[in-house]
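Each chain, letter by letter, is given below.
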Amino acid sequence: MDRQLKTESVEGEIALVIAYQSGKSEALTVLAGAMRLIEALDELDHCLLSSIDSALEPVSILNDVQHSSLKVLLARALRKIPDEHIASLDYKKWLGALLVKGKHRLLQSINADAPEVRRVLVELEADYKAAPGGLVGYTTPTVADVRDALDGVAAARATLPGQRVTIQTELGDIDLAETPLAAPPAAGVAQQTITNSGVEFFKVKAPDMLGAAQWTVLRNNRTTRVDMLHQSWLDAYHAREHSLLPGDSRSEE
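What you see is a predicted model, and the numbers here were worked out from it, not measured in a lab.

Colleague: Just checking my understanding: could you explain helix 3 (residues 114–129) for this structure?
Modeller: Because an α-helix packs 3.6 residues into every turn, residues spaced three or four apart end up facing the same way. For helix 3, spanning 16 residues, the distance from its first C-alpha to its last is 22 Å, which sits close to the expected 22 Å at 1.5 Å a residue. In the structure, helix 3 departs most strongly from a straight axis at Glu-123, where the bend amounts to approximately 35°. By the burial criterion, the buried members of helix 3 are Ala-114, Pro-115, Val-117, Val-120, Leu-121, Leu-124 and Tyr-128. The N-capping residue of helix 3, defined by a side-chain oxygen 3.1 Å from the backbone nitrogen of Glu-116, is Asp-113.

Have a look at this one:
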C-alpha cells in the first residue's frame, strides 16, 4: 500500500551509492547504514534551511533503487509548509538549488574544521541573498550548527566500514571517506563541550602565540582549529594583558 505524504517537491535530486560486497555484506547492515545516511542528509538540509523558516522540514522521497551497488535516488521535498512563498515555482527552484549546492560544498570534507566550514558558508552567502520575490534577511547557518550536522553524517558513515559511499549530485560526485570518530570520554569524565544560554566552552589545546588568530581546541572530544572572533580580546591577549594556556577553557558565544 502506498503511503502518500503531504509534501511540496523542490528542485534537485541526489543519489546515495553504497558499494557493498556482493555475497558478503549483511543486508541489514547496508540498509541500516543507508537509512542513517539519509536521515543525516535530511538534518544537513534542515541546518541549511534554519534561517529561512524554522518550520520547514526537509524530507527525502524515494525515487528509485538500483542494484549491483545499492543506489538510492532521492528527490528533495519539504513538509510542514507554512509560507505562501513556497508555492512559487521560482521559490521552489531556488530552495532546491540551495540545498543541492550547500550539501555538495559541505560534504566535500565531513571532517572540516571551523575555518574551512566558515569559508564554505561565505561562498553560500550570495545564494541565500538571491531568494526570489525580493525577500531579504536570509543568512547562512552558524558554523557550530553545520559542524554538528556534519558530525551526524560522519557518525552515519561510520556504520558502513570498508564500504565505498558516494553522494551523487548534479554538481558532481562526492566520496564520503571513512572518518575515525572520537573515542567516548572515560567513565566519570565530564564532556568537553557544554552549551548553556548560547555560550559554548572549548578546552584549549594550543593557543595562537603568533597573531594569526587561529587556535587548536577540543570541541565534543574533536581536535579542531578555530578562529578567535573577539578582536578586542585577541588584541589584549597578544598584549599579554591576560593569558590562556593549554588545558584552560574559553567560552565563545
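Colleague: It is not clear to me how the pattern of salt bridges should be interpreted in this structure. Could you clarify?
Modeller: Side chains that differ in sign of charge can pair as their charged atoms come close. Overall, the coordinates contain seven salt bridges when judged by the stated rule. Between Asp-45 and Arg-76 there is a salt bridge; the shortest N-O distance is 2.2 Å. Here Arg-76 lies in strand 3 (residues 70–79) and Asp-45 lies in helix 1 (residues 27–48), a separation of 31 residues in the sequence. Residue Asp-45 is classed as buried on the basis of its relative accessible area, which comes to 0%. According to the relative accessible area criterion, Arg-76 is buried, its value standing at 1%.

Colleague: Looking at this model, I keep getting lost on the packing of helix 2 (residues 89–106) against helix 3. Mind explaining?
Modeller: Any two packed helices are characterised by the angle at which their axes cross and by the distance between the axes. Here helix 2 crosses helix 3 at 170°, and the two axes come no closer than 11 Å. Here helix 3 runs roughly antiparallel to helix 2, going by the angle between their axes. Residues Trp-94, Leu-98, Lys-101, Gly-102, Arg-105 and Leu-106 of helix 2 form the contact with helix 3, whose participating residues are Val-120, Glu-123, Leu-124, Asp-127 and Tyr-128. The class makeup of the residues in the contact of helix 2 with helix 3 is six nonpolar, one polar and four charged.

Colleague: Teacher, can you tell me more about the side chain of Ser-60 here?
Modeller: Among the secondary structure elements, Ser-60 is positioned in strand 2 (residues 57–66). There is a polar contact of 2.7 Å between the side chain of Ser-60 and the side chain of Asp-42. Of the polar contacts made by the side chain of Ser-60, one reaches the side chain of Arg-76; its length is 2.3 Å. Ignoring sequence-local partners within four residues, the contact set of Ser-60 consists of Ile-38, Asp-42, Leu-74, Ala-75 and Arg-76.

Colleague: I tried to follow the side chain of Thr-166 on my own but got confused; where do I start?
Modeller: By the element assignment, Thr-166 lies in strand 4 (residues 164–169). The buried category is assigned to Thr-166, whose relative accessible area is 8%. A distance of 2.8 Å separates the side chain of Thr-166 from the side chain of Asp-175, its partner in a polar contact.

Colleague: Got a minute to help me understand the sheet that holds strand 2 in this structure?
Modeller: Strand pairing in a sheet takes place through backbone hydrogen bonds and is either antiparallel or parallel in direction. Taken in spatial order, the five strands of this open sheet run 2-3-1-4-5, and their pairing is antiparallel. The outermost strands of the open sheet, each flanked by one partner alone, are strand 2 and strand 5 (172–175). Adjacent strand axes in the sheet meet at a mean angle of 25° when their direction is disregarded. Direction of pairing for strand 2 relative to strand 3: antiparallel, over a ladder of nine bridges. By the bridge assignment, Gln-66 is partnered in strand 3 with Lys-71. Of the strands in this sheet, strand 1 (8–19), strand 3, strand 4 and strand 5 touch helix 2, which is tilted by about 25° from strand 1.

What counts, and at which threshold
Residues numbered from 1 in each chain as written. Predicted model: local features only at pLDDT ≥ 70, side-chain atom pairs only at ≥ 80, totals over all residues. Heavy atoms only, no water. Helix = DSSP H or I, 4+ residues; strand = E, 2+ residues; numbered from the N terminus. Expected span 1.5 Å × (residues − 1). Bend = angle between axes of the 7 residues up to and from the residue. Buried < 20%, exposed > 50% of the residue type's maximum accessible area, 1.4 Å probe, protein only. Polar contact = N/O pair within 3.5 Å; in protein donor to acceptor, adjacent residues only side chain to side chain. Salt bridge = Lys/Arg side-chain N within 4 Å of Asp/Glu carboxyl O. Axes fitted to C-alpha atoms, helices over the stretch in contact; angles between N-to-C directions. Parallel < 35°, antiparallel > 145°, perpendicular 65-115°, else oblique. Contact = heavy atoms within 4.5 Å. Nonpolar A, V, L, I, M, F, W, Y, C, P; charged D, E, K, R; others polar. Pairing = 2+ DSSP bridges.

Interpretation note: all reported values are geometric properties and have no functional meaning in isolation.
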